[in-house]
Amino acid sequence: MTNTADIERLKREAAQILAENRRTGHAAWNGQDYAYVVPSAGSYPFQWFWDSCFHAIALTHVNLGWAKDEIETLLKGAQPGGFIPHQILWEKDRYPEAAARQSEKFGDRYTSSSIQPPVLGTALERVFRATNDRTFLKRCLPPVMAFYGWLADVRDPDGDGLIAIIQPDESGADASPKFDPLMEFPKNNDDLVRWIEKLYTRYQPLRFDDRAILALDLFNVEEVLTNTCYILGLEALGRLCEGAEAREFAERAARVQRALVERCYDAAAGAFFDLAGRAETPLRTLTITSLAPLALPGLDRAIVERLVAHLVDADEFALPFPVPSVSRAEPTFMPGNARGFIWRGPSWINSNWLIGEGLRTHGYEELRRRITDRSCAMLLQSGFREYFNPFTGEGHGSRNHSWSTLILDMIER
Ligand code: GLC
């Protein structure tokens, strides 16, 4: 077990990283003030959607004012129709190189045209519960509700309740091998980038018209992690709203959850798989996202047990520094960041946080504590890196990565 002095050290370092990675100022491009945390000062110098949701949750343990700023700054990216972008490039002109990467440059000049897993409802609820600030809640609820409305209106063209993503990085697990069959089986990250550039060329004339983009059926994936976060967000809104609105969000959450179980759960595998294209072809690679629905409080006990069985299986996810992003049994599993790929095997703190939430909800406290403890061990050994080798705990990707401070929430909950 991690000792008290080490825990205190992690808490200090986490608070310091959040403070150092915080950016405040006034943007000339939209005339707005901003105050938010960048995912990492070097690699990711803008505001990222689901990162900010995680930062807000971590910040509830550090500075409640900053936690509120994080959400409110993200909401400044909301468009009149409800859409909230995956990236807001507040200080774009200072970072031309970072701004020239694929999804960063594909959108409006200062916002991407894509989404990321909708953790926003959950983050809003966590910040509200920590602050009890009703004025803040009142300000935030309308754009957050509108965003979940936009998702249902625009991203569910077949009306089955599940929302679809239009490019791999909308899943947050950008280069996951589960998408390989849709991306001409990239052999390295350069192949992947080339494939995405081709996709953008096809999307270019339809930019911001997501209905038309989905109709092309080039990358139209009902993704499990995205829909899990969507359900959790709708449930949170059900608790934050009142009267008929509250009931409506709770019903929507239940409907999407039914659809997720009916359509994406594979009883033989005991895991959830994404559905690709209008044909809804299951993408049968066992990855961390296959287990994400564990975070849903209303999931059937029998399914919960099947998901947990994967987590404790040493041939799949129970590695020395869990939880790997891909099951070790998959031929595509890569424990390091070989060939520049991400999300092909390493462990990430944000997915550990989500799995930990599920374990707590379903009463697996001992396993949750083990994952928290091993997460502390890899941070102590390697620092707050972006992701970690699940066998050795070696750190990879950016340093002082902000969402790795979610360890604060994993320790305190
Ligand atoms: C990587 C991750 C993505 C995250 C971004 C910033 O692209 O795959 O999920 O939002 O980094 O941390």
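I will try to describe carefully the structure that is included in this document.

Cut-off values and rules
Residues numbered from 1 in each chain as written. Predicted model: local features only at pLDDT ≥ 70, side-chain atom pairs only at ≥ 80, totals over all residues. Heavy atoms only, no water. Pairing = 2+ DSSP bridges. Helix = DSSP H or I, 4+ residues; strand = E, 2+ residues; numbered from the N terminus. Buried < 20%, exposed > 50% of the residue type's maximum accessible area, 1.4 Å probe, protein only. Polar contact = N/O pair within 3.5 Å; in protein donor to acceptor, adjacent residues only side chain to side chain. Axes fitted to C-alpha atoms, helices over the stretch in contact; angles between N-to-C directions. Parallel < 35°, antiparallel > 145°, perpendicular 65-115°, else oblique. Left-handed = near helix turned anticlockwise from the far one by under 90°. Contact = heavy atoms within 4.5 Å. Nonpolar A, V, L, I, M, F, W, Y, C, P; charged D, E, K, R; others polar.

Brief notes about the pairing of strand β1 (residues 22–27)
Thought 1: Sheet analysis places β1 next to strand β2 (residues 32–37), joined by 6 bridges and oriented antiparallel. Bridge pairing in β2 links T24 to A35.
Thought 2: Linking β1 back to β2 in an antiparallel pair, the connection comprises 4 residues, with G31 at a positive phi of about 65°.

A few points about the side chain of S114
Thought 1: Tracing the backbone shows S114 in the loop between α5 (102–105) and α6 (120–131).
Thought 2: Overall, the relative accessible area of 1% leaves S114 in the buried class.
Thought 3: Engagement of the side chain of S114 in a polar contact is seen with the side chain of S112, the distance being 3.4 Å.

Quick notes on the sheet that holds strand β10 (residues 281–283)
As a general point, the strands of a sheet are linked pairwise by backbone hydrogen bonds and lie either parallel or antiparallel.
Thought 1: Read across the open sheet, the 4 strands follow the order β5-β6-β9-β10; overall the sheet is antiparallel. Edge positions in the sheet fall to β5 (164–165) and β10, since each of these pairs with one other strand and no more.
Thought 2: Of the strand pairs in this sheet, strand β6 (residues 221–222) and strand β9 (residues 274–276) are connected by 2 bridges, and their pairing is antiparallel. Note on β9: the bridge partner recorded for E222 is L275.

Quick word on the packing of helix α7 (residues 134–154) against helix α11 (residues 243–264)
Thought 1: With their axes 13 Å apart at the nearest point, α7 and α11 run at an angle of 40° to one another. Looking at the two axes, α7 sits oblique to α11. Taken as a pair, α7 and α11 cross one another with a handedness that is left-handed. Contacts between α7 and α11 involve M145, Y148, G149 and A152 on the former and, on the latter, E245, F249 and R252.
Thought 2: For the contact of α7 with α11, the per-class residue count stands at 4 nonpolar, 1 polar and 2 charged.

Overview of the environment of E316
Thought 1: Looking at the element boundaries, E316 is found in the loop between α12 (301–311) and α13 (349–361).
Thought 2: In this structure, the C-alpha to C-alpha distance between E316 and H401, residues 85 residues apart in sequence, is 26 Å.
Thought 3: A distance of 2.5 Å separates polar atoms of two side chains, one belonging to E316 and the other to H310.

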